[in-house]
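Letter by letter, the chains look like this.
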Amino acid sequence: MSTAEPKTPKKVLYPSKTIKRAKVSLVCSPFQRHLFETMRYQSVPVSAIATTGVQQGYIERPLSELSVENALLWLVKVGVLRREVDGQGITDSFRLTPLGRQVLEEQGTWESTPRDLITNTLNRWLRLPF
């Protein structure tokens with residue numbers, strides 16, 4: 001895992017629909033806020049989430065590596081995470097994007113409503129365009 005202080009980029013003005021979708025996807029994910037706080041400062045590999053995620057406070061219950069990766073890839077599609085790249089190419093580690101950082105900073109409560117869960121599930125399963 002690489003550790004680096006996040007740069008302070010210029011704040012991008014995202015459409016409100018983009019911000020709402022990002023917030024819903026984060027709170028409906030199987031991950032705890034602590035994982036995203038960690039991803040602000042360092043990349044986190046899929047294997048670390050799947051093997052020691054409960055102990056690290058990243059997830060509430062054990063998940064398979066495949067389930068973890070699928071959930072992370074959904075967050076990549078939404079735009080809140082990105083995969084890390086090294087000299088060899090794409091790695092199995094993820095970190096927050098500027099959109100993810102902004103949403104995390106603005107997100108007060110970490111609870112989803114039944115409507116959020118339904119919307120997020122339908123968007124994920126049907127892969128509806130944003």
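Residues numbered from 1 in each chain as written. Predicted model: local features only at pLDDT ≥ 70, side-chain atom pairs only at ≥ 80, totals over all residues. Heavy atoms only, no water.

1. Section: the sheet that holds strand β1 (residues 44-45)
Think of a sheet as strands paired side by side through backbone hydrogen bonds, with each pair either parallel or antiparallel.
Phase 1 of the analysis: On the basis of which strands lie adjacent, the open sheet formed by three strands has the order β1-β3-β2 and antiparallel pairing. Both outer strands of the open sheet, β1 and β2 (81-86), are each paired with one neighbouring strand and no more.
Phase 2 of the analysis: Of the pairings in the sheet, the one linking β1 to strand β3 (residues 89-96) comprises two bridges and is antiparallel in character. Bridge pairing in β3 links V44 to F94.
Phase 3 of the analysis: Packing of helix α2 (residues 33-41) onto the sheet brings it into contact with β1, β2 and β3, and relative to β3 it is tilted by some 115°. (Pairing = 2+ DSSP bridges. Helix = DSSP H or I, 4+ residues; strand = E, 2+ residues; numbered from the N terminus. Contact = heavy atoms within 4.5 Å. Axes fitted to C-alpha atoms, helices over the stretch in contact; angles between N-to-C directions.)

2. Section: the packing of helix α1 (residues 16-28) against helix α4 (residues 65-78)
Axes are the key here: two packed helices are described by the angle between their axes and the distance separating the axes.
Phase 1 of the analysis: Relative orientation of the contacting elements α1 and α4 amounts to 170°, with a least axis distance of 10 Å. It follows that α1 is roughly antiparallel to α4 by the angle criterion. Facing α1, whose interface residues are R21, A22, S25 and L26, α4 presents W74, L75 and V78.
Phase 2 of the analysis: Taken together, the residues of the contact of α1 with α4 break down into five nonpolar, one polar and one charged. (Parallel < 35°, antiparallel > 145°, perpendicular 65-115°, else oblique. Nonpolar A, V, L, I, M, F, W, Y, C, P; charged D, E, K, R; others polar.)

3. Things to note about the packing of α4 against helix α6 (residues 114-126)
Phase 1 of the analysis: For the pair α4 and α6, interaxial distance at closest approach is 12 Å and the crossing angle is 95°. Here α4 is positioned roughly perpendicular relative to α6, judged by the angle of their axes. In this structure, α4 contributes N70, A71 and W74 to the contact, and α6 contributes N120, N123 and R124.
Phase 2 of the analysis: For the contact of α4 with α6, the residue count by class is two nonpolar, three polar and one charged.

Any functional reading would require information beyond the geometric quantities listed.
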